Amino acid sequence: MKFDPSANIFDLLQFGEYGDVNPSVTDSATYTFMQAKTMTDTFEGNTEGCFLYSRHWNPSNKYLADALAAMEGTESAWVTGSGMGAITCAILQVCHSGDHIVSSRTVYGGTFAFMQNWLPKYNISVTFIDPTNLDEVKAAIRPNTKMIYTEAMTNPMLQISDIPALSQIANDHNLKLVVDNTFTPLMVAPARLGAHIVVYSMTKFINGKNDCVAGAICAPVEFINALSNVNDGTAMLLGPVLDPFRSSSILKNLHTLHIRMQKHSQNAMYLAERFKEAGLKFNYPGMKEHPGHETLKRIMNPDFGFGGMIAIDLGTAEKASEFMEKMELAGVGYLAVSLGYFKTLFSNSGKSTSSEVPEDEQKKMGMSAGLVRFSVGLDHDIERTWLKIKDCLLAVQ
Ligand SMILES: *Cc1c(COP(=O)(O)O)cnc(C)c1O
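Residues numbered from 1 in each chain as written. Predicted model: local features only at pLDDT ≥ 70, side-chain atom pairs only at ≥ 80, totals over all residues. Heavy atoms only, no water.

Caption draft 1: Seen up close, the nonpolar core. Residues Leu68, Met202 and Phe323 are the most contacted members of the largest nonpolar core, which totals 116 residues. Mapping this core onto the domain boundaries places at least three of its residues in each of domain 1 (5-254) and domain 2 (258-396). (Core = buried A, V, L, I, M, F, W, Y, C linked by side-chain atoms within 4.5 Å. Buried < 20%, exposed > 50% of the residue type's maximum accessible area, 1.4 Å probe, protein only. Domains from an automatic or database assignment.)

Rendered as structure tokens:
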């Protein structure tokens, strides 16, 4: 039977305390026990269904984590207060002092900065590679390598990682393959394709409302238990816990993700076709000219399209700024970082979300100074939006 991540979410029966159709929000930091021994057992991790303290587990967070594990097809999941909280905890749970990571160079700016500037302080080294060049990936592996890290669809070049091939390399060398699936929820199911750990910024498409930051780690139960171990679990001890009110609202938004992803993809595809007709230099993995198109087609769930991210190259940063300011005034959307919102967001990658990436690395990843990245919104009439974009393009040419 076809793997249907959205049906898996809908199949869960999660009731509230009084049969509420939405699970109750657990508004508590701590939990009481009727017997002292049950508390001791819970500390040791031996009591199913008991909660101890909300930095460890909170029932509202557990409902959301269960839904994410169902979506991803993993045994378990853990939710965090931000995407960076999820990414840093997953990395630090796997890698210790002296270890080495092979990472895509086109990762999210914060992830790049963490690997480049923060991990060396703890003697963890990183080699940055092009994830679409499998020979480069293999050549970068050292005896102390513990992890291959990539994004299913990379920011901002929208490169596509061949997850099955990377998984094969990871398995051959006994490494963990960690995939950030923030740009492609439902569209790509990394764990089903061989990733060992899947991380998310739920701030983006999963929540889709731009009202909070949040993250998630989807992985085998053994890994999630290790992360949350009271004695040495990275997530438990660094403490990037998600607030239960937020997890409750994200869980509701997760149930409309399938419709939203379809609409984001449909609108982005429409714009890609217009950009092509207009002879613009742009990047969209849904077009057969895109270098990752065939890979994406092979690994994606076609029900959700090619995603809501598209980038145009205006050549220079000055032109990009002028274009974005005009689009904001014309009501195309907002000049803002982030993505996965119901309104269209756009930003100049080199000066914003990838500004942590040094200019020579930006060049290596083929990123132009004039790259304007769009997160295409849920506009009902996308033709109307295109006409506005077209006017702005004409005005800056
Ligand atoms: C935004 C983002 C992150 C970081 O997530 P936060 O929720 O902002 O901490 C990580 N990876 C990708 C691909 C992102 O877009």
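Caption draft 2: Just the sheet that holds strand β7 (residues 215-219), in detail. Spatially, the 7 strands line up as an open sheet ordered β1-β7-β6-β5-β4-β2-β3, and their pairing is mixed. Since the sheet does not close on itself, it has two edges, and those belong to β1 (76-80) and β3 (125-129), each with one partner. On average, adjacent strands in this sheet sit at an angle of 20° to one another, irrespective of strand direction. Direction of pairing for strand β4 (residues 145-151) relative to strand β5 (residues 176-180): parallel, over a ladder of 5 bridges. Bridge assignment links Met147 to a residue of β5, and that residue is Lys176. Its contacts with the sheet put helix α4 (residues 83-94) on β1, β2 (100-104), β4, β5, β6 (197-201) and β7, and the angle it makes with β6 is roughly 155°. Sheet contacts for helix α7 (residues 163-172): β4 and β5; angle to β5, the most-contacted strand, approximately 150°. (Pairing = 2+ DSSP bridges. Helix = DSSP H or I, 4+ residues; strand = E, 2+ residues; numbered from the N terminus. Axes fitted to C-alpha atoms, helices over the stretch in contact; angles between N-to-C directions. Contact = heavy atoms within 4.5 Å.)

Caption draft 3: The site of the ligand, seen in detail. Around the ligand sit 14 residues, and of these Met84, Asp180, Ser201, Thr203 and Lys204 come closest. One of the side-chain nitrogen or oxygen atoms of Lys204 is found 2.7 Å away from an oxygen atom of the ligand. Calculation on the ligand without its partners gives an accessible area of 380 Å², and the protein chains cover 92% of this total. At 3 residues, α4 tops the list of elements feeding residues into the shell around the ligand. Looking at side-chain class alone, the shell around the ligand contains 6 nonpolar, 5 polar and 3 charged residues. (Near = heavy atom within 4 Å. Polar contact = N/O pair within 3.5 Å; in protein donor to acceptor, adjacent residues only side chain to side chain. Areas by Shrake-Rupley, 256 points an atom, 1.4 Å probe, with all protein chains shown as cover. Nonpolar A, V, L, I, M, F, W, Y, C, P; charged D, E, K, R; others polar.)

Caption draft 4: The arrangement of the packing of aromatic side chains in detail. Counting across every chain of the model gives 11 aromatic pairs. For the ring pair Phe323 and Phe374, a centre distance of 6.4 Å and an interplane angle of 65° mean the geometry is edge-to-face. Pair noted here: Phe323 is in helix α13 (residues 317-330) and Phe374 is in strand β12 (residues 371-375), with a separation of 51 residues, a long-range link. Phe374 shares its class with Phe323; the two are buried. Taken together, Phe275, Phe282, Phe323, Phe346, Phe374 and Trp386 form an aromatic cluster joined through their ring pairs. The ring centre of Tyr270 lies 4.5 Å from the NZ or CZ of Arg274, which sits over that ring. (Phe/Tyr/Trp six-rings, centres within 6.5 Å; stacked < 30°, edge-to-face > 60°. Lys NZ or Arg CZ within 6 Å of the ring centre and 35° of its normal.)

Just geometry here; none of it tells us what the structure is for.
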